[in-house]
Amino acid sequence: MPQKTRTTAIVTGAARGIGAAIAMALARQGHDLALVDLDESATGATVDAVRALGVRAIGIGADVADAGSVEAAINHVANTLGPPTILVNNAGILRDNLLFRMSEPDWDEVMAVHLRGAFLMTRAVQRYQVERRWGRIVNLSSTSALGNRGQGNYAAAKAGLQGFTKTLAIELGPFGVTANAIAPGFIATDMLRTTAQRVGMSFEEFLDAAATEIPARRTGTPDDVAAAAAFFTSDDAAFVNGQVLYVAGGPKG
Ligand code: NAP
């Protein structure tokens, strides 16, 4: 079904990887796009690719974990592209370590970007959604929410995002706003290049080894995740609220 509602969408961490693919998918649905990432210049290529699809797009440099930065970014989006009523909280970082080696900054930085970031962004955007009586929020969780060695911080944050999502669904549902989470499994992006380096494997070896563990016998692509985001943000998904969809080539990654 073609998308009836055309609006302004914000995707965080949109310079590359999954966020860039989600931005492209939302542009194909006809939405204007604000691409938020730490470094505005890093969004340039994705902004150009999104504009080539015939919608308006801007890149914004902002740290989602910083309240002032988030407020300024959301005001800029509203003034430039119009009220944002789609929000995809995708920005993320890894600071993997076994518990006995995990430092306080490792813990705090992961909580700040994933949890505080999603909280600040959503709190800033919900006023436009509530005013319009229409909105879509998509949070990026992970199969790591189910537990993953070396990721005590990340697993806790990604499980926390699931609870946050369900609460948003309850609080904002009466205003025509849905909130859902995507929990990707192993998706081939730069984020996992650093993990491959850490375990002393080439990226290709790392992908091949992961694929043998996945029922679909392949690793995921950013477009696999973007397809789920396109569904959750569509008009057709109006009655799908508070769900967690594992996009992992199997029941979990
Ligand atoms: P990625 O390639 O590392 O991209 C993440 C983007 O977020 C980067 O452009 C990064 O900017 C940006 N970012 C980091 N901290 C930020 C902040 N404080 N404010 C604004 N932007 C920030 O990661 P990805 O693999 O596409 O992952 C996207 C999301 O999916 C993350 O939430 C991740 O946890 C989740 N996920 C990924 C996988 C996977 O297998 N790849 C699996 C499950 C879930 P810099 O480049 O400047 O750091």
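Structure's up top.
For the structure given in this document, a descriptive report is provided here. Every chain's residues receive numbers from 1 upward, in the order its sequence appears when written. It should be noted that, the model being predicted, local features are given only for residues of pLDDT at least 70 and side-chain atom pairs only at 80 or more, the latter also being counted only at that level, while totals for whole chains, interfaces and linings use all residues. Working from all heavy atoms in the structure, the side-chain values ignore hydrogens and water.

### A few points about the sheet that holds strand 7 (residues 244–247)
Quick reminder of the rule: Following DSSP output, two strands are said to pair if at least two bridges run between them. Numbering goes from the N terminus for both helices and strands, where a helix is a DSSP run of H or I of at least four residues and a strand is a run of E of at least two. Angles here are taken between N-to-C directions and fall from 0 to 180 degrees, while the axes themselves are lines fitted to C-alpha atoms, restricted in helices to the stretch in contact. A contact between two residues is defined here by any heavy atoms of the two lying within 4.5 Å.
Judged by pairing direction, the sheet is parallel, and its seven strands sit side by side in the order 3-2-1-4-5-6-7 without closing on themselves. The open sheet has two edge strands with one neighbour each: strand 3 (57–61) and strand 7. Averaged over all pairs of adjacent strands, the angle between strand axes in this sheet comes to 20°, irrespective of strand direction. As defined by bridge partners, strand 1 (residues 8–12) adjoins strand 2 (residues 32–37) across five bridges and the pair is classed as parallel. Residue Ala9 lies in a different strand from strand 2, and its bridge partner there is Leu33. The strands touched by helix 3 (residues 67–81) within the sheet are strand 1, strand 2, strand 3 and strand 4 (84–89), with strand 3 carrying the most contacts at an inclination of about 160°. Against the sheet, helix 5 (residues 152–172) engages strand 5 (135–140), strand 6 (177–184) and strand 7, with an angle of about 165° to strand 5.

### A closer look at the pattern of salt bridges
Keep this limit in mind: One speaks of a salt bridge when a side-chain nitrogen belonging to Lys or Arg is within 4 Å of a carboxyl oxygen belonging to Asp or Glu. Think of it in three bands: residues with accessible area under 20% of the maximum for their type are buried, residues over 50% are exposed, and the middle band is partly exposed, with areas taken using a 1.4 Å probe on protein chains only.
Enumeration according to the criterion identifies seven salt bridges in this entry. Between Asp32 and Arg56 there is a salt bridge; the shortest N-O distance is 3.1 Å. Taken together, the residues Asp32 in strand 2 and Arg56 in the loop between helix 2 (44–51) and strand 3 connect sequence positions 24 residues apart. Residue classification places Asp32 among the buried residues on the basis of a relative accessible area of 15%. A residue is classified by how much of its surface remains accessible, and Arg56, at 44% relative accessible area, is partly exposed. For Arg218, the salt bridge identified is with Asp224, shortest N-O distance 2.9 Å. Note on Asp224: relative accessible area 25%, which makes it partly exposed. Shared partners join several salt bridges into a network, and the residues in it are Arg16, Asp190 and Arg193.

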